[in-house]
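For reference, the chains in residue letters:
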Amino acid sequence: MRPLDAAVDELAAVDPAALDDHGLADMLVELRRVRARLAAVEARLVDAGDPRRPWAPAGYRSTPRRLAD
């Protein structure tokens, strides 16, 4: 997942004050779109992981509990 971290780091380095109005609006819309896609990926992974319980050996009773930490 390191490429994802790098992408977020790159976005975090953007100075909103340096964006013009159009660029700021475009970036906000793009971020909302990407957040929705990430939520869909997360939902698929949770659906796949729940029955397999990969977090159980660490003492977690559910996926939401594991994700809360």
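Residues numbered from 1 in each chain as written. Predicted model: local features only at pLDDT ≥ 70, side-chain atom pairs only at ≥ 80, totals over all residues. Heavy atoms only, no water.

Notes on unusual backbone geometry
With glycine set apart, most residues show a phi of negative sign, and most peptide bonds adopt trans. You will see that R53, though not glycine, has its phi angle at about 50 degrees, which is positive. With respect to the secondary-structure elements, R53 resides in the loop between α2 (21–52) and α3 (63–68). (Helix = DSSP H or I, 4+ residues; strand = E, 2+ residues; numbered from the N terminus.)

Thoughts on the pattern of salt bridges
If you walk through the whole model with that rule in mind, you get 2 salt bridges. For R2, the salt bridge goes to D5, with nearest N and O atoms at 2.9 Å. In this pair, R2 and D5 both sit in helix α1 (residues 2–12), 3 residues apart, roughly one turn of the helix. By relative accessible area, R2 is classed as exposed at 65%. (Salt bridge = Lys/Arg side-chain N within 4 Å of Asp/Glu carboxyl O. Buried < 20%, exposed > 50% of the residue type's maximum accessible area, 1.4 Å probe, protein only.)

Digging into the environment of A56
Within the secondary structure layout, A56 lies in the loop between α2 and α3. Counting along the chain gives 10 residues from A56 to R66, while the straight-line C-alpha distance between them is 9.1 Å.

Brief notes about α2
Counted at 1.5 Å a residue, the expected span for α2 with its 32 residues is 46 Å, and the 47 Å between its end C-alpha atoms agrees. Looking one or two residues past α2, R53 carries a phi angle of roughly 50 degrees, positive in sign. (Expected span 1.5 Å × (residues − 1).)

Side note on the confidence of the model for the protein chain
On average, the protein chain scores 93 in pLDDT, and the residues at 70 or more come to 99%. The spread of mean pLDDT over the elements of the protein chain runs between α3, the lowest at 88, and α2, the highest at 95. (pLDDT = per-residue confidence, 0-100.)

Considering a nonpolar patch on the surface
Judged by side-chain polarity, L4, V8, V34 and L38 come together as a nonpolar surface patch covering roughly 300 Å² of accessible area. Within the residue set of the nonpolar patch, elements represented by two or more residues are α1 and α2. Counting through the fold element by element, L4 comes out in helix α1. (Patch = residues over 30% accessible without salt bridge, like charges linked within 9 Å, V, L, I, M, F, W, Y side chains within 5 Å. Areas by Shrake-Rupley, 256 points an atom, 1.4 Å probe, with all protein chains shown as cover.)

Let's talk about the environment of S62
As for its position among the elements, S62 is in the loop between α2 and α3. Under the relative-accessibility criterion, S62 is labelled partly exposed at 22%. Residues S62 and D50, 12 residues apart in the sequence, show an inter-C-alpha distance of 7.6 Å. Within the structure, S62 has its side chain in polar contact with the backbone nitrogen of R65 (distance 3.3 Å). (Polar contact = N/O pair within 3.5 Å; in protein donor to acceptor, adjacent residues only side chain to side chain.)

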